[in-house]
Amino acid sequence: MAMPTIKAVRAYTVRGGGADYHDTQGYHWIDDHIATPMARYEEYRQSRRSFGINVLGTLVIEVEASDGTVGLGVTTAGEIGAFIVEKHLSRFLIGRQVTEIEKIWDQMYFATQFYGRKGVVVNTISGVDIALWDLLGKLRGEPVHALLGGPVRDELQFYATGARPDLAKEMGFIGGKLPLLHGPAEGDEGLKKNIEKLADMRSKVGDDFWLMYDCWMSLDLNYSIKLAQKAQEFGLKWIEECLSPDDYWGYADLKRNVPKGMLVTTGEHEATRWGFRMLLEMDCCDIIQPDVNWCGGITELIKISALADAHGKLMVPHGSGVYSYHFVITRHNSPFTEIIMSAPNADEVRPAFSPLLLDEPVPVNGRMKASALDKPGFGVRLNPEVKLHRPYAAA
Ligand SMILES: C[C@H](O)[C@H](O)CC(=O)C(=O)O
Ligand SMILES: [Mg+2]
């Protein structure tokens, strides 16, 4: 069967939710005094939006084939990403076969290497790559998980990230990941409050429910070890992203020094097979957590996941919604997955990229049947009520 070629690439920006889940307004648990590397400055401690965590916004990419079929990808990259797609990356797509995904990835990565390698450039490449997999699935009439080899289990099980693990337990999740609220700049008093919060949550959820702490790059090694030691009494399952993503040495030290049985996780701000090779070869953690929207997309995740498997490590994507679900269901070393609670009070399950996408599957009782993922491509479409802006339409 002759595959259509790619005839158009379009990049749009969107504000308010979507792939940039930090792009919130008004009260939201995800912006409420969470420990960050910027919390050393008191004026940026209460709100992450105050230092610009929401500055990028969402990037939507459409890749249109010669028969009119459109592949959709979304990521966190906003207007910078739209510029990169329309002014630079589109040349590697227009006129190409839809099946040239590997070669297109290679060209996008190496053509941007002099200003890219990680961060917003690889976020953007990830979004284009996701749109290509979506397009291929739609043209073949198959879900992306089928293109990846098919499910290895009948359903996904989820943990929930948010301020209310107690409610997450009632909603059927296997665990709850709390944001750490106080960083080293808040001293011993802050450390005490962090432990009190965990103790309180443990008393609410009982012994068997997983509790984790997400530290969002905010700590130093000494504080991380102290936190891990004190948290052991309250059954902390893992301690996440304690240090700067560049501090591979610190992570290796941390992993050697946490209490036996407690897991160290990281990787949501890491990218590509080369970044994850560092984490794996230096034995920095127990679980790697690439974000499908940021690590290089599905094409790169195949490599990252295989590398983790060969090192005997789990690969559990950070967030990534439906893009994670299609991958995780196909891999044995991804036994569960995450949903970030997008409701302001973390008190109900909403689709991960709400309100941007329609038909996004959501976990029910903390689980999702493989059959919920059985539509062509990723099975999602743009919500026509969301306002798109195309800042760099190709001439
Ligand atoms: C809650 C965390 O600070 C962050 O917003 C999300 C995250 O790191 C995670 O879900 O993991
Ligand atoms: Mg995290």
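Please read these numbers as outputs of a predicted model, since none were measured by experiment.

What counts, and where the lines are drawn
Residues numbered from 1 in each chain as written. Chains lettered and ligands numbered in written order. Predicted model: local features only at pLDDT ≥ 70, side-chain atom pairs only at ≥ 80, totals over all residues. Heavy atoms only, no water. Helix = DSSP H or I, 4+ residues; strand = E, 2+ residues; numbered from the N terminus. Expected span 1.5 Å × (residues − 1). Buried < 20%, exposed > 50% of the residue type's maximum accessible area, 1.4 Å probe, protein only. Near = heavy atom within 4 Å. Polar contact = N/O pair within 3.5 Å; in protein donor to acceptor, adjacent residues only side chain to side chain. Areas by Shrake-Rupley, 256 points an atom, 1.4 Å probe, with all protein chains shown as cover. Core = buried A, V, L, I, M, F, W, Y, C linked by side-chain atoms within 4.5 Å. Domains from an automatic or database assignment. Contact = heavy atoms within 4.5 Å. Donors = N, O, S within 2.8 Å, 3.2 Å for Na, K, Ca; no water. Disulfide = S-S within 2.5 Å.

K.L.:
Can you lay out helix α3 (residues 119-140) for me, pointing to particular residues and giving the numbers?
P.N.:
Here α3 spans 32 Å end to end across 22 residues, near enough to the 32 Å set by a 1.5 Å rise per residue. The buried fraction of α3 is high, at 18 of 22 residues. Gly 141 lies just past α3 and shows a positive phi near 70 degrees.

K.L.:
How would you sum up the site of ligand 1? Please name residues and give values.
P.N.:
If you check the shell around ligand 1, you find 14 residues, and the closest are His 22, Lys 177, Asp 214, Glu 268 and Glu 338. Between ligand 1 and Asp 214 there is a distance of 2.7 Å, counted from an oxygen atom to a side-chain nitrogen or oxygen. Residue His 318 places a side-chain N or O atom 3.4 Å away from an oxygen atom belonging to ligand 1. Against a free-state accessible area of 310 Å², the protein chains account for coverage of 100% of ligand 1.

K.L.:
Kindly report on the nonpolar core, identifying the contributing residues and their values.
P.N.:
In terms of nonpolar packing, the biggest core is built from 114 residues, with Val 74, Leu 227, Ile 239, Tyr 323, Tyr 325, Leu 357 and Phe 378 touching the most fellow members. No other element matches α3, which puts ten residues into this core. Residue contributions to this core reach at least three from each of two domains, namely domain 1 (6-20 + 56-141) and domain 2 (147-375). Ignoring sequence-local partners within four residues, the contact set of Tyr 323 consists of Leu 72, Gly 73, Val 74, Ile 130, Val 292, Asn 293, Ile 298, Phe 353, Leu 357, Phe 378 and Val 380. Core analysis: the next-biggest nonpolar cluster, separate from the first, contains seven residues, Ile 174, Trp 238, Val 316 and Phe 336 among them.

K.L.:
Describe the coordination of the magnesium ion (ligand 2), with residues and values.
P.N.:
Protein coordination at the magnesium ion (ligand 2) comes from Asp 214 (OD), Glu 240 (OE) and Glu 268 (OE), with a distance range of 1.9 to 2.1 Å. Read in sequence order, the donor residues for the magnesium ion (ligand 2) give the motif D-x25-E-x27-E. Taken together, the residues span a long stretch of sequence, with Asp 214 in strand β6 (residues 210-214) and Glu 240 in strand β7 (residues 236-240) at a distance of 26 residues.

K.L.:
Explain the state of the cysteines residue by residue, including any values.
P.N.:
Throughout the structure, instances matching the rule amount to zero disulfides. Counting only cysteine sulfurs, Cys 284 is the nearest neighbor of Cys 285, a cysteine outside any disulfide, at a range of 6.2 Å. Not part of a disulfide, Cys 295 finds its nearest cysteine sulfur in Cys 285, a span of 14 Å. For Cys 295, a relative accessible area of 0% gives the class buried.

K.L.:
Could you give me a rundown of helix α11 (residues 321-328), with the residues and numbers involved?
P.N.:
Taking burial as the measure, the eight residues of α11 include eight buried ones, the bulk of the element. Of all the residues in α11, the buried ones are Gly 321, Val 322, Tyr 323, Ser 324, Tyr 325, His 326, Phe 327 and Val 328.

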